[in-house]
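# Fold and contact review
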Amino acid sequence: MRLSATFLVLAATSAFAGRVPFLPETAPTNATPVAVRVLGNNMPIVRGEVDGKPCTLLFDTGATHTTLDRGFVERELKDHKLEKVVLAGVTNVEGSPSLVHADSFKVGPAEFCDFDVMVLDISHFPKGIGEKIDGVVGMNVIGRVTTLVSLGAGEVVFAPRRDRLAGFTNAIDRAATEPFSIALTARYGAKEIPLIVDSAATMTFLGRETGWPTTDAKVDISATDVNGNGSPLAPMVGKPGELVLGIPLSVSPMVVAEPMNRIGADTLLKYDLLIGWRRVAFRPR
């Protein structure tokens, strides 16, 4: 079961000689703001372009790799050659991914050039999101440069100016060796809790093994309410509390049986997130 559009790929090989698959060669170097529209179910959406073709993209800090829907590529990028990619290491990618080369990949006005983008069938996403999604902006784009994510302000800024960074204190290291993942270790009292910061998870989830206290209430939701998948969920409503991620974050999580700890968009709407290559920081809005 997946609660967000997360593709975990640790290594890959392809026929694209001389370039690094999945990594844009160039990225914005000056402050480039991008408008983010957060839908009613907390799904952050951005407008983009791939080689001049407009697209609608899910902004997903829980996805390691930026991905285009196969249908979008076949419909809008007919002259682009698809290359098979062989995935190595640990992966939960579903289906047989390919790569397509984009000379220009834009997220709003922010342009990333010379970029081999993953292609998968993600046509199931719109069922729960409420809007047709042509692709996912993942961490190989979001983390390509220092990025300021402010869902509450409806804005993402690539390569922000120093004057936009006031109030970020106590940056913390990412727990994962793979830099395209925001895997962190939070403190909850005397416990350490591993988790993912996932802007495309509409809710914050913690596993029961964390010992997070719950109310007697249950919520009748499915993963369709979370990211467009249809898996049933039976979470308990967690009591409000604090997780320390550099600074204390107030969270009201859903508590589930699976060990799947995620800071979702409901929490991120209350905080700004600064993503560096190896470290991240939060500040209250």
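For the structure, check the block above.
Let me begin by describing the structure that accompanies this report. (Residues numbered from 1 in each chain as written. Predicted model: local features only at pLDDT ≥ 70, side-chain atom pairs only at ≥ 80, totals over all residues. Heavy atoms only, no water.)

To continue, consider the overall build of the protein. When its secondary structure is counted, the protein shows 5 helices and 26 strands. With 285 residues in all, the protein has 54% of them scored as buried. Within the protein, residue pairs in contact and separated by at least 24 positions form 68% of the contacts whose partners lie at least 6 positions apart. Carbon and sulfur atoms make up 52% of the accessible area of the protein, which amounts to about 11800 Å² in all. (Helix = DSSP H or I, 4+ residues; strand = E, 2+ residues; numbered from the N terminus. Buried < 20%, exposed > 50% of the residue type's maximum accessible area, 1.4 Å probe, protein only. Contact = heavy atoms within 4.5 Å. Areas by Shrake-Rupley, 256 points an atom, 1.4 Å probe, with all protein chains shown as cover.)

With that settled, consider the pairing of strand β11 (residues 147–150). Across the two faces of β11 the burial is the same, with Thr147 and Val149 and Leu148 and Ser150 all buried. Two strands pair when backbone bridges link them, and β11 and strand β12 (residues 155–158) are joined in this way by 4 bridges, in the antiparallel orientation. The residue bridging Ser150 from the neighbouring strand is Glu155, located in β12. Turn length for the β11-β12 hairpin, with the two strands adjacent in sequence and antiparallel, is 4 residues, and the turn residue Gly154 shows positive phi of about 70°. Across 3 bridges, the pairing between β11 and strand β25 (residues 271–275) is antiparallel. Bridging across to β25, Val149 finds its partner in Leu273. (Pairing = 2+ DSSP bridges.)

Here the focus is the packing of aromatic side chains. Scanning the entire structure with this criterion turns up 3 aromatic pairs. Taking the centre distance of 5.2 Å and the plane angle of 80° together, the rings of Phe112 and Phe158 count as edge-to-face. Of this pair, Phe112 sits in strand β9 (residues 110–120) while Phe158 sits in strand β12, placing them 46 residues apart in sequence. Judged by relative accessible area, Phe112 falls into the buried class, the value being 0%. (Phe/Tyr/Trp six-rings, centres within 6.5 Å; stacked < 30°, edge-to-face > 60°.)

We now examine unusual backbone geometry. For Asn42, which is not glycine, the phi torsion reads 70° and is therefore positive. Within the element layout of this structure, Asn42 appears in the loop between β3 (37–38) and β4 (44–50). For Ala159, which is not glycine, the phi dihedral falls at a positive 55°. With respect to the secondary-structure elements, Ala159 resides in the loop between β12 and β13 (172–173). With relative accessibility at 14%, the residue Ala159 sits in the buried group.

On to the environment of Ile129, then. You can see Ile129 is positioned in helix α2 (residues 126–129). Sequence separation between Ile129 and Gly40 is 89 residues, and the spatial gap between their C-alpha atoms is 9.1 Å.

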